[in-house]
Structures are given as C-alpha cells and as structure tokens.
There are 2 protein chains.
Amino acid sequence: MIRRRGLLAIAGATAGLAGLPAPPAGAQEVVEKRVFEAGSVQTRGGATIPKTRIGYQTMGELNAAGDNAVLICHFFSGNSHAFGRLAPGGSAGYWDAIIGPGKAIDTDRYFVVSADTLVNVNVPDANTVTTGPASINPDTGRPWGMGFPVVAMRDFVEVQKRLLDSLGVKRLALVAGPSNGGLQSIEWAAAYPDFVLRAMPVIAAEIDAWMQGWLDLWESPIRLDPNWREGDYYGQGREPPLRGLAEAWKIVTLQARDRIWARQFDRKLPEGQDPARRIADRFAIEKWLDDAAMARARTSDANSFLYMVRANQLFLNDYPSLAAAVAGAAPRWLVISSPTDRVFLQPGVEEFVAALRSAGKQVQTAEVTGPLGHLNGVVAMAPVAEQVRAFLAD
Amino acid sequence: MIRRRGLLAIAGATAGLAGLPAPPAGAQEVVEKRVFEAGSVQTRGGATIPKTRIGYQTMGELNAAGDNAVLICHFFSGNSHAFGRLAPGGSAGYWDAIIGPGKAIDTDRYFVVSADTLVNVNVPDANTVTTGPASINPDTGRPWGMGFPVVAMRDFVEVQKRLLDSLGVKRLALVAGPSNGGLQSIEWAAAYPDFVLRAMPVIAAEIDAWMQGWLDLWESPIRLDPNWREGDYYGQGREPPLRGLAEAWKIVTLQARDRIWARQFDRKLPEGQDPARRIADRFAIEKWLDDAAMARARTSDANSFLYMVRANQLFLNDYPSLAAAVAGAAPRWLVISSPTDRVFLQPGVEEFVAALRSAGKQVQTAEVTGPLGHLNGVVAMAPVAEQVRAFLAD
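Here the residue numbering is sequential within each chain, running from 1 through the sequence in written order. Chain labels run from A onward and ligand labels from 1 onward, assigned in the order the entries are written. Local features in this predicted model are restricted to residues whose pLDDT is 70 or higher, and side-chain atom pairs enter the listing and the counts only when it is 80 or higher, whereas totals over whole chains, interfaces and linings include all residues. In computing side-chain values, all of the structure's heavy atoms are included and hydrogens and water are not.

A. Here's a closer look at the packing of aromatic side chains. Aromatic rings from Phe, Tyr and Trp, taking only the six-membered ring of Trp, are treated as a pair when their centres fall within 6.5 Å; an angle between ring planes under 30 degrees marks them as stacked, one over 60 as edge-to-face, and anything in between as tilted. By the definition in use, this model includes 35 aromatic pairs over all chains. Look at Tyr94 of chain A and Trp95 of chain A: their rings are 6.0 Å apart centre to centre, the planes differ by 55°, and that puts the pair in the tilted class. The structure contains a cluster of three or more aromatic residues connected by ring pairs, namely Phe76, Trp218, Trp249 and Phe305 of chain A. Lysine NZ or arginine CZ positioned within 6 Å of the ring centre and within 35 degrees of the ring normal marks a charge as sitting over the ring. When the ring centre of Tyr192 of chain A is taken as origin, the NZ or CZ atom of Lys161 of chain A, which lies over that ring, is 5.2 Å away. Positioned above the aromatic ring of Trp249 of chain B is the side chain of Arg296 of chain B, whose terminal nitrogen or guanidinium carbon lies 5.0 Å from the ring centre.

Below you can see the structure in the form of structure tokens.
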C-alpha cells in the first residue's frame, strides 16, 4: 500500500509536499484566496519593507466579540492552503482532515484564518501571495534579490497580526501549525500572550544551534549553484539555480521522512541503471529524490528558500533563552510530536514541553505516527482529531 | 568542559576527525606505516584495476597457527591509523583506548592489523596509501578520475584478504571497526564465515534505501561545484572543488554528532557577525562547520568521496537481503551502538541485531554514550573496553 503510493506519487510532486498522497475526499468546502496589503513593515532587524502583501484564506464566521478566531500557520514549503479547496474538485488543504464544518477545528463554530508568510518559497505558484526577495523593490523597480531585508519568525507574526486586526479579530482561541507553522505558533504565543488563548505547535520545538546548522545544510546547495549568482538570477535570459534548489529540496524531502517510508526503495534500481558498475548511475531512492526535488524546485524560488531558512534560524530571537520566551507566553498548550521525526528530534520536543511546564503552563501532549516521520504532523493528523477538538473546547 | 573542547578544537580540524579532542595519552607505542602491493584486482562490478596498493599498520605478533589476528577497519573519513603512533609524540590512533599492550584488544596476545581502504578520501595525506580515482591509471599515465571502476564494500574486503594472506593470517579472532569500518566488518563476516570467528560492528547497521539516500545527499554538493568538472580537476592550473567538498563534509560533520554536542553554540554569534540584520552573516554553529569542513576538504579528495559513498551504498550488494547475508555469516557478534546516533538510527541497529539472532548467531550488544552521537563509536570506546575484552576471550 505504502509502497505503491510512494512510487505513483513521483509524477505528482509539484504540490506543496513532494510525493504525498492527497488527503481523503470529504466535504468540498471551497475557500477564496484573498490578498492582504500589509503596508510598510519595520523588521526586527531594523530595516523597512515599504510595501508588503500576503495571501490568506478564511472559513467560518467571526463572532461579534471577535474571539472565536483560529490562526493556522504553514510549514516551510507550504502556503495558506491548510483547509478547503480553492476550486470545486480541487485538492484539499494540508490539514483539511481536522479543519472544516463539524471537524476538530469546527468552522461552524470558529473563524479560521490561514495566511502565506513573508518570503514564502512558492513564488511561481499563482495561489501564493508573498513579499520577499523575488518581489519588486518599489524603490528600484527591480526584484530585491539578496537586498531584501532579513526577516525573522517574529516578523511573520507581526504581519499576520496586522491581517487579524484588519479582519476584526480580538483574540485567538487557537494558533496552530505544523513544523515552521508550529514555530510561528510558539512565536505568536510568546509575542501576544493576552491575544492568544491556546497554542498547538505540531512537529516543532526549539531551533537550537543543531537545527540552525541543519537549516544551513539545507540551503547550502543553492549557494553552490553557479546560476545562483549571489541571488541575481531574476530577469530575462537568466537561468535560476534549479539544480542547487533541487539539491536543497532533496535534503528537506528525505529528512522530513523516516527510514520506514524509504523501505519501498530497498534494493531497487531504476530501469537501465546499474550503480554497481557505473559511477553515474542511480539507486531507486536517489532517482525518486532527484525527480521529486526537481519538480519542487520548478515551483519555488531559491532566494526565498534562503530567507525562509534565516527566518527559521531567528526563531525566538528576541529572547535570551527558550525559558525566557515561554515564561510569559499564552497559557494553554497542546504539543503534538512524531516519535520518528528526524527534523525535530523527540528529545528536543521533550525539552520544549518541560520548559512550558516549568513556566507553569497547562500542557497536553499527543503523538502522530506513521511511516512519514516529520511529515506525520502534516498528513497524519486525523487520529489526533478528537484530542484537538477537546483541547479547543477546554 | 565539552563547550570549551569544541570551541578550542576549531583550529585542530585538519586531522582525521574534524574538531575532536585527541585521545588520552597512554603508552607511546610506535607503529610503522607499510605499503601492500595488492596487484591486479577484479572488482565485483566486473572491471579490472591493474595495479592496487593500500597502506597498513600492525601491532603484536602473529602466532604459529596464524589464528590470533585481529583486523580493524576504518570509518568513512579515516585511515589505518587505529592504534599506536606513527612517530614518537605523534597523535594516537582513533581506537587507541582499546587497542595496545594490555588493552581490551591486547597486542601482547593478538596480532592487530589495520589497513587503508581502496578509494580512501585522505589522498593528500602522506600517511594514507590507497588506490582510487586520484591514482594514476597505468594504461594512460594520467589520474583515473571518474573513469576509475566502481568498487563495492566487498572489494575493500577482498583487497584486505590478500593483505592478510600475505601476512600469513589463517583466521581472524576478530574483525571490528566503527561506522564504515563496522560495515566492512559485517561484509567480512558474511564473505568469509570460516575465516572470521568474531565480528564487532560499531555504530553500523544495514545500508537501506534511507541510508543510500543520505549518502547521496552527502556527496551532492561536490557535483554542484563548477570546479568538479565531472571529476577532471587533477593537474596543474586546475582548482579542486574545495567548496563543494567542504559542503559535503559539513553534512557528514553535523550528522555524525548529536544536538547535545551543538549546545555550546546556542545563541552565539561569531565576532562581527549579525545574521539578524545581514543575510550573508553567520551563526556560531555555521562558522564552526564552515571552518572545520574547509580544513577537512583541504586534506581530502572529492572524487574519492564520491567513490567511498558508492562503496557504502553497495554494502552487502552480493546478497538479496540482509537476512540472506547474515544467514551463513560468522558465529559470534558484539554489536555496539550509540543511542543518539543520527547516521545509523537505533531502530536500524535493533533490526540488524534481530536479523543476526534470527540467523542463530551468538549476539551481545553494548552502547556507547556521550554528546557526540554517531562519533561516540570512534572516540568514546573506553567505557566498553571490558566488554570488548570479554567478547574476545569468549
């Protein structure tokens, strides 16, 4: 079953998550992608982005008090498409299993918002609206490239806060998200403890030096690609650094999965390949990674990848320590982890939970399981749906 | 303590293991590096290497029966220098804590041999003798480059077998090694079950598709470096692909350690660096990895790295499955793992042990611990010395 899925998915690797099965079909809730003009933003690093815009989508209705809102934050390679379908018959959002009418995060009761981040990697995707290095710098009329200001995870939060303010939201009943979205949730809970009642970080924990190092390894192939040209590859006649970007996605793609997932490729060779005799030939796992990652590279932007890495590395950068960050954070937490996560290792999650408890927070935990390791927190949320529902009702 | 070590070690990253403390001083046993001319080798892939040579070192005396020999196999980036010192006052071999007169692997009783592998990465090191892509092809008088035949882990074993035969060894009381050396030990035990009495793979398990994929990620920066030139970078006026090779070593260097090791870099910045404001600036962990990996790149060869990756990917390639490989293997095993190993994950080690037990082997296990993750199996062996001694006496 798993075997067949993975192999079939090679051709379908252009969506947000390379080579994953589509969520199960359910109610076909259609959502509209909207654009929020966030205006001029002063970054945590002290720079100014004169004109910012991000995309977003909503489901449900905000109540009169403005306090039934839920914010969903997306993973590293994702966008606002966490729930519903952008068109009838279209693909469902990545957390559609737990968000919608009657679902764990019940849009009959909650007003659910999900936004694209700044420096979102999915620049070529018409359904992603972001401001980042591929955007036009209004002062020059040309793409920012590596002249775009460094943005931190906290800057993502600030732009989302403006969006929520513009929508009339007075309080978040929940902020949640997987991976990078979990980091945003933590950053939100630390930044706005009175605005956020509950936080649900999934497959996320602190970005310590170990993780900062890994994020650097993820991005380093981009900088090696001669087509990267220090980020100056936009414009006619220039080739983007697709090879480097694909190698970067390969690292993310493998590390975000678990060894159990890879079993389908054990001792398999692609047709015509003989790596025992020819040094340039490939094993099946390599071929799959090559194809999935190149497809992903064609739908993303290399400079934005670099900026997204940096935003992650700057997680909780306003605080001297994790303990300091969570000391005054929002009160109620549901921390969901995947025991086979090879990105956010389980001991790191346990330390994060311990830090919350030391700070006197109410903390529940849950686990997501399956062959996909880290990505269980994106695609295998259905089994924890009732725990999510109960947390939200608590 | 650990913090200080790691930071101090930056400058000393040119040796076999980037940034690791030197083994404790003990008896100053001096060993001699010798060269074995292995002659023409037919590879498992069907090619011929007309002239092969590898370096080796020994300690202790072979008995009349030729059955008190121990073979030590080295890790991915290592060489034969597992024990003793190559000159008085020189640095000790990586497993010197457990090999020597009176030590766990007692050279007063055993004749211990350790050899450089084929395609060893340490080409620029005068104390490494190997045959690989940087060697001269006698048919052309020029370096082989990527025309060198693919070699498998089993080819390493075959050349070592010739060396042992030349030394008069009739039976191995033990074959052992860490990481890549553990893989060689397993390959040895499968290939020569009557010649090998005991095997002690340390921080090693099966190379499944997951690991094949990781090995590909390790090497991919080399292929991206424009100086690689499809491997044709030898000779005057050509720059080797140092940047790509350094990025490759960065992945190995971080993955071979654990997050606990990285704590020394938490929330630290190198002098003058401000990554929250400047996209090109670095965090402390990045700077350390940059420096350690570039130092390592200067003492290694990129093409050899690619061939070493392939040899690892071809682990047990002669067998249809792990179960088939171990079915007829040597009888006695001590499998030593590091619970925080991020290269060979603990579940993979457990599956390997289960495969041995299913095949009816006598299996003991032990664990090495410490902040270094995978590398505990190289530098933290002293605490398991008595278990090694008892295994060898059993």
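B. Spatial organisation of the UniProt feature "active site" (unreviewed entry) in chain A. All names here are of chain A. With numbering aligned to this structure, UniProt lists the feature "active site" (unreviewed entry) at Ser179, Asp341 and His374. For the residues just named, distributed over 196 residues, the greatest C-alpha separation is only 10.5 Å, placing them together at one site. Helix and strand assignments follow DSSP, with helices taken as H or I runs no shorter than four residues and strands as E runs no shorter than two, numbered in order from the N terminus. With respect to the helices and strands, Ser179 occurs in the loop between strand S9 (172–178) and helix H3 (180–191). Ignoring sequence-local partners within four residues, the contact set of Ser179 consists of Phe75, Val202, Ile203, Ala204, Phe344 and His374. For each residue, the accessible area found with a 1.4 Å probe, counting protein chains only, is set against the maximum for its type, and the residue is called buried under 20%, exposed over 50%, and partly exposed in between. The class for Asp341 is buried, based on a relative accessible area of 2%. UniProt positions are given in the numbering used here, feature names are shortened, and annotations may be inferred rather than shown by experiment. Two residues qualify as a contact provided that any one of their heavy atoms is within 4.5 Å of a heavy atom in the partner residue.

C. Seen up close, the relation of the copies chain A and chain B. Copies are brought into register by a least-squares superposition over C-alpha atoms of residues with pLDDT of at least 70 in both. Under the fitted operation, chain A is carried onto chain B by 0.0 Å of movement along the axis and a turn of 180°, and the coordinates agree to an RMSD of 0.0 Å. Taken together, the rotation and translation describe the operation of a two-fold axis. Of the interface residues in chain A, 100% have counterparts in chain B that sit at the interface too, so the contact is made through matching surfaces.

D. Structural detail: unusual backbone geometry. Residue and element names in this part refer to chain B. Even without a glycine there, the phi angle at Val119 is positive, about 45°. Examined against the element boundaries, Val119 turns out to sit in the loop between strand S6 (111–115) and strand S7 (136–137). Backbone geometry at Ser179 places phi at a positive 60°, although glycine is not the residue there. On the basis of relative accessibility, which here comes to 10%, the residue Ser179 falls in the buried class.

E. Expanded view of the UniProt feature "domain: AB hydrolase-1" (unreviewed entry) in chain A. If you check UniProt for "domain: AB hydrolase-1" (unreviewed entry), the listed places come out as residues 153–271 of chain A in our numbering. For residues 153–271 of chain A, the end-to-end C-alpha separation is 44 Å, with 51% helix and 10% strand making up the annotated structure.

F. Broad picture of the environment of Pro275 of chain A. Note that Pro275 of chain A resides in the loop between helix H6 (259–262) and helix H7 (284–298). Residue classification places Pro275 of chain A among the buried residues on the basis of a relative accessible area of 1%. With residues near it in sequence (within four places) discarded, Pro275 of chain A still touches Leu269, Asp281, Arg282 and Phe283 of chain A together with Val150, Arg310 and Leu314 of chain B.

G. Main features of the pattern of salt bridges. Residue and element names in this part refer to chain A. Each salt bridge in this description consists of a side-chain nitrogen of Lys or Arg and a carboxyl oxygen of Asp or Glu lying within 4 Å of one another. Inspection of every chain in the model, using the stated rule, returns 50 salt bridges over all chains. Measuring nitrogen to oxygen at the nearest pair gives 3.5 Å for the salt bridge that ties Arg154 to Asp318. Of this pair, Arg154 sits in helix H2 (residues 153–167) while Asp318 sits in the loop between helix H8 (302–313) and helix H9 (322–327), placing them 164 residues apart in sequence. Since its relative accessible area comes to 12%, Arg154 is described here as buried.

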